[in-house]
4 protein chains.
Amino acid sequence: MAGNSFGEILRLSTFGESHGPAMGGVLDGMPAGIWMDLQQVQQALDRRRPGQNTLTTERKEQDVVRFLSGFHPEEDESGRRQTLGTSIGFIIENEDQRSTDYQAIQDQYRPSHADYTYEAKYGIRDHRGGGRSSARETVCRVVAGALATQLLPADLRILPFVERMAGIGIPADASFDPQAATAHITGCPHPETAENMRGQLEALKALGDSAGGVIACQVHGVPAGWGEPVFDKLSARLAYALMGINAAKGIEFGSGFAGADSRGSIQNDAFIAPGQTATNHSGGIQGGISNGMPLFFRLAFKPIASIKQSQQTINRQGEAVEMQIEGRHDPAVLPRALPIVEAMVALVLADFYLAQRIQRTNS
Amino acid sequence: MAGNSFGEILRLSTFGESHGPAMGGVLDGMPAGIWMDLQQVQQALDRRRPGQNTLTTERKEQDVVRFLSGFHPEEDESGRRQTLGTSIGFIIENEDQRSTDYQAIQDQYRPSHADYTYEAKYGIRDHRGGGRSSARETVCRVVAGALATQLLPADLRILPFVERMAGIGIPADASFDPQAATAHITGCPHPETAENMRGQLEALKALGDSAGGVIACQVHGVPAGWGEPVFDKLSARLAYALMGINAAKGIEFGSGFAGADSRGSIQNDAFIAPGQTATNHSGGIQGGISNGMPLFFRLAFKPIASIKQSQQTINRQGEAVEMQIEGRHDPAVLPRALPIVEAMVALVLADFYLAQRIQRTNS
Amino acid sequence: MAGNSFGEILRLSTFGESHGPAMGGVLDGMPAGIWMDLQQVQQALDRRRPGQNTLTTERKEQDVVRFLSGFHPEEDESGRRQTLGTSIGFIIENEDQRSTDYQAIQDQYRPSHADYTYEAKYGIRDHRGGGRSSARETVCRVVAGALATQLLPADLRILPFVERMAGIGIPADASFDPQAATAHITGCPHPETAENMRGQLEALKALGDSAGGVIACQVHGVPAGWGEPVFDKLSARLAYALMGINAAKGIEFGSGFAGADSRGSIQNDAFIAPGQTATNHSGGIQGGISNGMPLFFRLAFKPIASIKQSQQTINRQGEAVEMQIEGRHDPAVLPRALPIVEAMVALVLADFYLAQRIQRTNS
Amino acid sequence: MAGNSFGEILRLSTFGESHGPAMGGVLDGMPAGIWMDLQQVQQALDRRRPGQNTLTTERKEQDVVRFLSGFHPEEDESGRRQTLGTSIGFIIENEDQRSTDYQAIQDQYRPSHADYTYEAKYGIRDHRGGGRSSARETVCRVVAGALATQLLPADLRILPFVERMAGIGIPADASFDPQAATAHITGCPHPETAENMRGQLEALKALGDSAGGVIACQVHGVPAGWGEPVFDKLSARLAYALMGINAAKGIEFGSGFAGADSRGSIQNDAFIAPGQTATNHSGGIQGGISNGMPLFFRLAFKPIASIKQSQQTINRQGEAVEMQIEGRHDPAVLPRALPIVEAMVALVLADFYLAQRIQRTNS
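These numbers were taken from a predicted model, which means no experiment stands behind them.

Scanning chain A from N- to C-terminus turns up 8 helices and 19 strands. The C-alpha radius of gyration of chain A comes to 21 Å, within 12% of the 21 Å expected for a compact globule of 363 residues. The principal-axis extents of the C-alpha atoms in chain A amount to approximately 65 × 55 × 40 Å. Burial analysis of chain A (363 residues in total) assigns 69% to the buried set.

We now examine the sheet that holds strand β11 (residues 213-220) of chain C. Strand order in this open sheet of 10 strands is β10(C)-β9(C)-β11(C)-β17(C)-β12(C)-β12(D)-β17(D)-β11(D)-β9(D)-β10(D), and the pairing throughout is antiparallel. Single-partner strands in this sheet number two, and they are β10 (168-169) of chain C together with β10 (168-169) of chain D. Contacts from helix α8 (residues 334-356) of chain D reach β9 (157-165), β11 (213-220) and β17 (295-301) of chain D, with the element oriented near 145 degrees to β9 of chain D.

This part is about the relation of the copies chain D and chain C. By a simple turn and slide, chain D fits onto chain C: the slide is 0.0 Å along the axis, the RMSD is 0.0 Å, and the turn is 180 degrees. Taken together, these values place the two copies in the relation of a two-fold axis. Of every C-alpha in chain D, the one belonging to Y240 of chain D sits nearest the axis of rotation, 2.3 Å from it. An overlap of 99% is found between the interface residues of chain D and their copies at the interface of chain C, pointing to a shared contact surface.

All right, on to the interface of chain B and chain D then. The partner chain D presents 12 residues to the 12 residues of chain B that form the contact. For the pair chain B and chain D, the two sides together bury roughly 1000 Å², of which 59% comes from carbon and sulfur. Our count for the contact surface shared by chain B and chain D stands at 2 residue pairs in polar contact (both at pLDDT 80 or more). When the residues that make up the side of chain B that touches chain D are grouped by side-chain class, the tally is 6 nonpolar, 4 polar and 2 charged.

Bringing the relation of the copies chain B and chain D into the picture now. Relative to chain D, chain B is turned by 180 degrees and slid 0.0 Å along the rotation axis, the superposed coordinates differing by an RMSD of 0.0 Å. When you check the interface residues of chain B against chain D, 100% turn up at the interface there too, and the contact is symmetric in its surfaces.

So, about helix α2 (residues 115-122) of chain C. Within α2 of chain C, 8 of the 8 residues are buried, leaving the element largely enclosed by the surrounding structure. By the burial criterion, the buried members of α2 of chain C are D115, Y116, T117, Y118, E119, A120, K121 and Y122 of chain C.

All right, on to the interface of chain D and chain C then. At the junction of the two partners, chain D supplies 106 residues and chain C supplies 105 residues. Taking both partners together, chain D and chain C bury about 8200 Å²; carbon and sulfur atoms supply 60% of that area. The interface formed by chain D and chain C holds 4 salt bridges in total. Across the pair R164 of chain C and D261 of chain D runs a salt bridge whose closest N-O atoms are separated by 2.9 Å. By residue number, the principal contributor to the side of chain D that touches chain C is helix α2 (residues 115-122) of chain D, which donates 7 residues.

Let's shift gears to the environment of V321 of chain C. Residues and elements named next belong to chain C. Structurally, V321 is set in strand β19 (residues 320-323). The class of V321 is buried, set by a relative accessible area of 16%. Here the alpha-carbon distance between V321 and Q108, two residues 213 residues apart in the chain, equals 8.0 Å. Sequence-distant contacts of V321, that is, excluding residues within four places in its chain, are made with Q108, Q311, Q312, T313, I314 and N315.

Before going further, it helps to spend a moment on the sheet that holds strand β5 (residues 65-67) of chain C. Spatial strand order, β1-β2-β3-β8-β5 (chain C): 5 strands in an open sheet with antiparallel pairing. Where the open sheet ends on each side, the last strands, each with one partner, are β1 (5-6) and β5 of chain C.

Below, the discussion takes up the confidence of the model for chain A. Residues at a pLDDT of 70 or more form 93% of chain A, whose mean pLDDT is 93. For this predicted complex, the interface confidence reaches an ipTM of 0.96, while the overall pTM sits at 0.97.

All right, on to the packing of aromatic side chains then. On inspection of all chains with the given rule, the structure shows 48 aromatic pairs over all chains. With 6.1 Å between their ring centres and 55 degrees between their planes, F271 of chain A and Y109 of chain B make a pair best called tilted. Placement of the pair is F271 of chain A in strand β13 (residues 271-273) and Y109 of chain B in the loop between β8 (88-93) and α2 (115-122), with the two residues belonging to separate chains. In terms of burial, F271 of chain A and Y109 of chain B fall into one category: buried. For the ring pair F6 of chain C and Y240 of chain C, a centre distance of 5.2 Å and an interplane angle of 55 degrees mean the geometry is tilted.

Turning to the pairing of β11 of chain D, a few remarks are in order. Residue and element names in this part refer to chain D. Counting buried positions along β11 gives 7 out of 8 residues, so the element sits mostly inside the fold. Sheet topology note: the β9/β11 ladder contains 8 bridges and is antiparallel. Of the residues in β11, the one forming a bridge with I158 is V219. Of the strand pairs in this sheet, β11 and β17 are connected by 7 bridges, and their pairing is antiparallel. The residue of β17 that forms the bridge with C217 is F297.

The next point concerns the side chain of E228 of chain C. Positionally, E228 of chain C belongs in the loop between β11 and α5 (234-243). Only 2.5 Å separates the side chain of E228 of chain C from the side chain of Q359 of chain C, close enough to count as a polar contact.

Another point: the side chain of K302 of chain A. All names here are of chain A. Relative to the assigned elements, K302 resides in the loop between β17 (295-301) and β18 (311-314). Polar contacts involving the side chain of K302 include one to the main-chain carbonyl oxygen of S112, which spans 3.0 Å. Setting aside anything within four residues of it in sequence, one finds K302 in contact with S112, A211, G212, A247 and K249.

Take the pattern of salt bridges next. On inspection of all chains with the given rule, the structure shows 80 salt bridges over all chains. With its nearest N and O atoms 3.5 Å apart, the salt bridge here joins D232 of chain A to R237 of chain A. For the pair shown, D232 of chain A and R237 of chain A are each scored as buried. A salt bridge links R125 of chain C to E119 of chain C; its shortest N-O distance comes to 2.8 Å. Pair check on accessibility: R125 of chain C and E119 of chain C agree, each one buried.

What follows covers helix α4 (residues 191-206) of chain B. Residues and elements named next belong to chain B. Under the 1.5 Å per step criterion, the end-to-end length of α4 is 23 Å for 16 residues, consistent within 8% with the ideal 22 Å. Residues of α4 that are buried in the fold lie against β9 (157-165) and β10 (168-169). Directly beyond the C-terminal end of α4, a positive phi value near 70 degrees is found at G208.

What counts, and at which threshold
- Residues numbered from 1 in each chain as written.
- Chains lettered and ligands numbered in written order.
- Predicted model: local features only at pLDDT ≥ 70, side-chain atom pairs only at ≥ 80, totals over all residues.
- Heavy atoms only, no water.
- Helix = DSSP H or I, 4+ residues; strand = E, 2+ residues; numbered from the N terminus.
- Rg over C-alpha atoms; globule rule 2.2 N^0.38 Å.
- Buried < 20%, exposed > 50% of the residue type's maximum accessible area, 1.4 Å probe, protein only.
- Pairing = 2+ DSSP bridges.
- Contact = heavy atoms within 4.5 Å.
- Axes fitted to C-alpha atoms, helices over the stretch in contact; angles between N-to-C directions.
- Least-squares fit on C-alpha atoms with pLDDT ≥ 70 in both.
- Buried area = accessible area lost by both parts, 1.4 Å probe.
- Polar contact = N/O pair within 3.5 Å; in protein donor to acceptor, adjacent residues only side chain to side chain.
- Nonpolar A, V, L, I, M, F, W, Y, C, P; charged D, E, K, R; others polar.
- Salt bridge = Lys/Arg side-chain N within 4 Å of Asp/Glu carboxyl O.
- pLDDT = per-residue confidence, 0-100.
- Phe/Tyr/Trp six-rings, centres within 6.5 Å; stacked < 30°, edge-to-face > 60°.
- Expected span 1.5 Å × (residues − 1).

Encoded structure:
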């Protein structure tokens, strides 16, 4: 119940404060005998890493993951190692712990941050960089997700991309390849829109302000039959996983909120073959279970709460104060959130993939 | 992992197919010694019950809950009984099981229903009325939620209402009392909008079509500090609970998707006192934890998939067929979904309420 | 955490007080498509049922289980029905609720019963027949266990028998067939010992006294590889399951306590073939995982706490009182505990059987 | 289900192979604001540490625990730090990884070890020192248990001691202080018996043989009311926790197996005051819940399976081979198992201590 674990059969438990010695976790439930490329895990981390360009925080972290257990010591010719079926332990050391940056705000609550709520909850908080509430926590999700990805069928592809940011969105009629998301620092796969976003973000950064946006995600290759009835619908578990990412404030599947204004005769997806429908307003999920069509969802992120502009707030004594947040912050969380979205989707799908092995007599 | 349980400390496990003998469940983890009014549970069920008016399904069910355990046999003068701290078992018999209605569709997949996906998952399905995938399952959620509500602090009020339906929404500048939702059969608390919705629904019903919409919900009286960091954020658990309701396709907290287009300098909620912010763009949740402001979220429902119009689909042999769905169906799920939303919110909050008792040394 | 659920993948949640309206439960996680003979469940219940002979309690209960969900409505020619993969709900009505028997002891704590401890825990108790602490609760374990048995491989046989009772044990060098346990009302498969036990039990009953004893259990047909490392060893999970049975006070595997006095050179089980060892001092479990040899364990039960002799105790005011327990009680719990032991073993093994399907890439 | 986690509210997840880079874990659910002395954790580890004397393995490990999260950075004057309420991550590096010792046995199954069963389960194993099946895993239990101990009430004392070893036991009528267990390398608190044990162990070691024995444990200061009904009885959870320790083969509470031969009129514990009984045959647990008397149980350990004598076994090809186990091994596991028993008891009790905070309305 304490909230640091995710998953049922494949279960991740994580730890780490932003400015403590290290982040890390345990991934339990990985089947034995799977050849894994641990370099792919590092590559996923690199995509999330701060300090990469002018739009991301200047914090310098190498984010090198160290695996402590769960793999057979012998490597094959491509450097892959086999899972033992035992729990996989890993840590990422925190290198750049300039916690002096944060002393000024020790006694003040940053607006729309977790400072006040953590203190209300626990009666104590590690104020250095947000402690456990920092998005630095997501580094562990990326590690586990990159392992889960290697458990999933090879033809399953999770393709998140930045669809809107800073008020600028990909035009509805634009054609683009979601895999191009990694080609631009904004994470937007439509080059023209991406350039507009970049310009707007730089303008906001210059103003000491920040932006939000929407990450959309397609998932190809999910067979029909994944997800559980009632409480653990595929959509419910994805919503649970994704709304647990810092700054996420909304999620919709298929035609989502827009579809709520439509009619059944328009929205219903007519079957044209097993696992195939004429339209995909359902976003690949019917009755909480995948129907063989691509999954599709959108995830809304609020503008990042750390802005350089002066703000009104209160201190721990309840007195009104004007505060100025120093430190290193991105103007938008979305570009670096792409590998995190991918990781959480992979963890959810891996759980259902394993569950599905035991739900039919002949499976 | 099999998806029929919800909650951690207060945990509900349910069972029942739409046309089987009964629905029921076990609610475990309720503290001992709480005086409960079991009539209130029946009243919540009555609000969800079908066959109440021209807009809801004609299925006739009395939906009488029978409690089988968990309460001391003695009643106080108001008929209340005390929880024993043991698991609470309950059943609701299914009375109106006209399953002959469903024989025609035994071999065809209704579009945007769970027929195909259940069969893909399990290799077998109870085709009578959707079996386990039927919204009839939610009767158990309402029972458990009504008990959870009586565990929560007396001043905590969960107020869901229909904000949009059939393309008609409460005007942004309208003033209304969310508690008026129960006064109109549409569940919309704004009388003029409600009447418009009713007219539109009746028109759709006459066409054999159906509508979707948006339920909004305010929750007053949640103290600061509820919710868990990282994976079990209050928003993540609410999303998990609510996206598990049949036909739910999207959820947003506070300013949600609209806020994603805004800026940090506008969206941030300035603290003006402990547990009080000048605006509430966060919807009462910051860093995944309640901040003392009212919770606010919106839940999008797709148009109900059962329509009387003829539709294209395939049968179990994969052949294209034209199908006509008979049976008893609402033109929209939203009015009857209000007590279900309330129940799921109560279950989530009760879990965090209990969790919060053990997370501080002096709590 | 509230203690009314058991199992991980196959999970049973139960409810019911001894003198409430009904006992029941939900079994979740049963795979779909398994043909089950529900008459076998009733037969298992019949073996546990009270009122069968002079050695068991005179309470009259038909103990008819009613299944409420989880099975396809159609029966095959032998009356079997197929699992749907959905949760299985069931109840057993309590018929003989002579709770007036218990009013005398409402304010006194029966020695070595749960009266005092339940009140210390919950601040309230249902005093009628022990409420939730009554062994009547085990009726639900038997139902679930009989379903789990039908999930397990057909050649897996769980064979518990009464090895010692009332101070009388099967001679160490005696030869007997454990399956003969069901042939004698004592549950002892060695006829001569069984008759001695019966005589001693009748003598104790005449004195208003009670007996304890030891149930031993062989399990044949468990393949090598079941069980989990570290915390969920097969022995640990069996101990957990079996020590949760009322009146159980000890368990040992293989040579157990006696083996603790031996030496490694004597105790070690030499492998003679894959899945076969020359001796079986390990009781079929090594490193917490089944090794292919038959499982063997012993479970010690204390003498039943309900005796007719007058006893010293205190009342709720803490005053010393002499008390006389009326009501219907067995002189020993062991004969009726055999199907309960069998059920709990089946539940544990079914969980590991399902787990093992997902722990190897090629499983 | 993968077996590397223990506990419900306070939950430990561990990782690490014997000869991998490090052991470690995550302890989640620790309440916030507790001042903890992390030196006490190291001291508990030191008591478990190998290489301390002639009776324990010669493996050289400093076993220095490094805490990575969960504590506020500031220390008080005694060097204590406060829990943050966040998950506590920790690692212990493996220093002495002489895995060459184990290459000889890579293809052979050591009798009564986990070599064969792990391979049957996973199809792969890390043969170096037993990998995950090594008792080295227990180092993480000791860390978590030492933290749990500091959560428990200060007057609660867990006192395990070696009661029997190598066939030598403390005389039934001997008087001794269980706290003296730490004063002798055998862990036996009765000096004369302890010396006899030591002599016998040294003799066995000289023969290349090994011994088993029994650890008894008293727990003082457990209030009445801890434990859960039905499946999670205090005795069931303790059995689960303790039978998960390597080489444990039996457990009994109170008079256990001996009491099973007795009568109700003798075994029943008469109440003489609230939380006090005239005798303690129940071992402090009635109806699965603590009754206020000291807990008492015994845990049987088999003789350690690693002996230097030549043994018969098979190799991975199923051929009969004679094998000689090299490496570093204790003649008995019991002395070093004392802090492990203490740790597991602390983890179980901490879970119930926290659970009890939420089970009564006024708790």
